[in-house]
Structure formats: C-alpha cells, structure tokens
Amino acid sequence: MGDNKEYMTHQENMGTIQISEDVVASVATSAALDVDGVSGLLSANMSDFMGGKKMTAKGVRVEMVEDAIVVHLFLVIRYGCAVSEIATKVQESVFTTLRDMTGFDVSAVNVHVGGISFE
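Residues numbered from 1 in each chain as written. Predicted model: local features only at pLDDT ≥ 70, side-chain atom pairs only at ≥ 80, totals over all residues. Heavy atoms only, no water.

A regular strand carries its side chains on alternate faces of the sheet. Burial analysis of strand S5 (residues 68–78) places 10 of its 11 residues in the buried class, which makes it a mostly covered element. As defined by bridge partners, strand S4 (residues 60–65) adjoins S5 across 6 bridges and the pair is classed as antiparallel. Paired with Glu-63 across the strands is Val-70, a residue of S5. Between S4 and S5, which follow one another and run antiparallel, lie 2 residues, and Glu-66 among them has a positive phi close to 55 degrees. Relative to strand S6 (residues 105–117), S5 is paired through 11 bridges, and the arrangement is parallel. Across the sheet, residue His-72 finds its bridge partner in S6, namely Asn-110. Handedness of the crossover joining S5 and S6 through helix H3 (residues 83–102) is recorded here as right-handed. (Buried < 20%, exposed > 50% of the residue type's maximum accessible area, 1.4 Å probe, protein only. Helix = DSSP H or I, 4+ residues; strand = E, 2+ residues; numbered from the N terminus. Pairing = 2+ DSSP bridges. Right-handed = clockwise from strand over helix to strand, strands pointing away.)

Read these as spatial facts, not as claims about activity.
Right, dumping it as structure tokens:
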C-alpha cells in the first residue's frame, strides 16, 4: 500500500479491510455536497482553526475512534437556508453513505458551519 497514507482498518472473519482516509473523506465530501443548501466546504486553511488532526481533504477530517469512523465536516451553507435543517440532512446523508459504502460503523458526523454563501 502507499507510503505516507493513513488507513482505517477493520478486522473481519476472512481478514483485514483497510480503506484510505482519503477515500473516506471523498465519500463524505460527495455525500455532503449532494445535500441541497450546501454551497461548499471550507478550505483546509480555514478549517485548521478548528484544531485537532490535519484535514484529510478540503474541509473534511476523518479518524478512526475505537472501531468506528468519526467525521468532521466544515461547511459553507447557502444564504436563506435553515442552517440546523441543512446540518441535520448532511449528518444523515454522510452517516448512511459511509456506513453503506465502507461497511464500517460510523459513530459521529460532526458538522461545523463556518460560512454563508450569498451566491
């Protein structure tokens, strides 16, 4: 497997499954951007202010906590949309998509709304 990449590992009956954090971040990004009202994700520089582990992809931080995925998404929401409603829809979409595509448990999808888009 590639050097310098971090993988999420899950032990199954027939062996180990490893999925790159970049893949998990890409899946989470796609699921979040599919939600109507999400304008985009914050750049890595802006989301660095939130602290913690470095971003895996633009506006997304993923980590494995015990045997489950934890995702932090740093979003820009379109002006006029109900922020809490959009955030909840993003959580549901990312949770379901990650669980279905990776087969891993997802313990948390944390949504950080860091901006409003007027476009």
